[in-house]
Amino acid sequence: MVEWTDAERSAIINLWGKIDVGEIGAQALSRLLIVYPWGQRYFQAFGDLSTNAAIMGNPKVAQHGRTVMGGLENAVKNLDNIKQTYAKLSVMHSEKLHVDPDNFRVLAECISLCVAAKFGPSVFTAEVQEAWQKFLCVVVSALGRQYH
Amino acid sequence: MVKWTELERSTVKAIWEKIDIDEIGSQIWARVLIVYPWTERYFGSFGDLFTITAILKNDKVAAHGRMVLTALDKAVNNMDNMKRTYADLSRLHFQKLEVDPDSFRLLADCITITIACKLKSALSPQSQAIWQKFISAVVDAMSSQYR
């Protein structure tokens with residue numbers, strides 16, 4: 001089981017408290033689809049993803065970004081039990097959605113980047129970055145756990 | 001050889017022009033040592049790295065960060081020739097310093113995060129894509145002499 005120091009817990013929870021999930025979720029998913037365009041294959045039902053502008057203006061992308069952040073909120077509220085919390089979501093991504101689990105890592109990277117860009121170095125300090133990236137690593141691992 | 005469009009070249013240069021090597025260099029290296037603490041094993045001679053405060057105040061950490069960014073400047077100015085530009089540096093890291101090449105990817109991650117902190121929304125998704133292509137090519141060039 002993952003161990004969190006008190007400093008890490010409060011860094012994660014404080015940072016989460018500042019995050020506007022609608023804003024960051026939409027940005028992170030847009031960046032994923034632009035920076036790693038093969039990710040678009042999972043979103044054929046989202047309509048126009050043909051240009052960067054289309055992706056950034058696409059309401060389904062924004063909505064899905066919000067959904068993903070909602071999932072992340074569950075993890076923030078269950079730091080000591082992330083594996084269990086994500087078991088069903090992991091099975092769904094593996095068996096129903098057939099998502100390559102490497103995409104979780106790449107989306108986590110985009111989320112971190114959006115958070116860094118939003119809050120700058122005085123909030124997203126090295127210490128906060130360490131806790132946040134450790135947190136996202138655990139989430140990514142939990143999401144990949146039920147794959148076989 | 002990596003191919004670069006005109007837009008990619010100008011985007012990388014535009015991002016690089018906004019980077020103050022002194023300011024950003026020290027931040028980047030502190031982030032690597034704090035976020036990926038196992039990298040401290042390479043820096044036994046740097047003195048006190050025992051706490052986050054010590055790392056953030058350590059002059060050798062700051063100097064090393066500046067040195068790394070000065071080397072990155074070479075890549076910005078030799079985008080068509082990165083492998084050759086970095087051949088000696090790659091060999092040094094492999095044969096003499098014995099650095100795990102996965103560390104280059106971790107460093108690239110911290111560089112990108114630090115730049116995002118600095119540039120904020122000016123690092124648009126398109127710019128991010130171009131920057132990440134560039135830094136991936138640098139990581140490849142640094143790994144090129146490993147076998």
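Above this text is the structure in question.
Residues numbered from 1 in each chain as written. Chains lettered and ligands numbered in written order. Predicted model: local features only at pLDDT ≥ 70, side-chain atom pairs only at ≥ 80, totals over all residues. Heavy atoms only, no water.

(A) Here's a closer look at the interface of chain A and chain B. If you look at the interface, chain A gives 23 residues, while chain B gives 20 residues. Taken over both partners, the interface formed by chain A and chain B buries close to 1,800 Å², and the fraction arising from carbon and sulfur atoms is 61%. On the chain A side of the contact with chain B, A:Arg31, A:Leu113 and A:Gln129 bury the most area, a combined 26% of that side's loss. The interface formed by chain A and chain B contains zero salt bridges. Our count for the chain A to chain B interface comes out at 10 residue pairs in polar contact (both at pLDDT 80 or more). Listed by contribution, the elements that provide at least two residues to the side of chain A that touches chain B are helix H2 (21–35), helix H3 (52–57), helix H7 (102–123) and helix H8 (126–144) of chain A. Class assignment of the residues belonging to the side of chain A that touches chain B gives a composition of 12 nonpolar, six polar and five charged. (Contact = heavy atoms within 4.5 Å. Buried area = accessible area lost by both parts, 1.4 Å probe. Salt bridge = Lys/Arg side-chain N within 4 Å of Asp/Glu carboxyl O. Polar contact = N/O pair within 3.5 Å; in protein donor to acceptor, adjacent residues only side chain to side chain. Helix = DSSP H or I, 4+ residues; strand = E, 2+ residues; numbered from the N terminus. Nonpolar A, V, L, I, M, F, W, Y, C, P; charged D, E, K, R; others polar.)

(B) View of the packing of helix H6 (residues 102–119) of chain B against helix H7 (residues 125–143) of chain B. Residue and element names in this part refer to chain B. Contact pair H6 / H7: the axes reach a minimum separation of 10 Å and the direction vectors enclose 155°. On the basis of their axis angle, the class for H6 and H7 is roughly antiparallel. When you trace H6 past H7, the crossing you get is right-handed. Within the contact between the two elements, H6 uses Phe 104, Arg 105, Ala 108, Ile 111, Thr 112 and Ile 115 and H7 uses Trp 131, Gln 132, Ile 135, Val 139, Met 142 and Ser 143. Classifying every residue of the contact of H6 with H7 by side-chain character gives eight nonpolar, three polar and one charged. (Axes fitted to C-alpha atoms, helices over the stretch in contact; angles between N-to-C directions. Parallel < 35°, antiparallel > 145°, perpendicular 65-115°, else oblique. Left-handed = near helix turned anticlockwise from the far one by under 90°.)

(C) Structural context of the environment of B:Leu106. All names here are of chain B. Tracing the backbone through its elements, the reader meets Leu 106 in helix H6. Classification of Leu 106 as buried rests on a relative accessible area of 7%. A sequence separation of 37 residues divides Leu 106 from Ser 143, and the C-alpha atoms of the two residues are 13 Å apart. In this structure, Leu 106 is in contact with Tyr 36 and Trp 38, ignoring residues within four places of it in sequence. (Buried < 20%, exposed > 50% of the residue type's maximum accessible area, 1.4 Å probe, protein only.)

Structural measurements only, silent on function.
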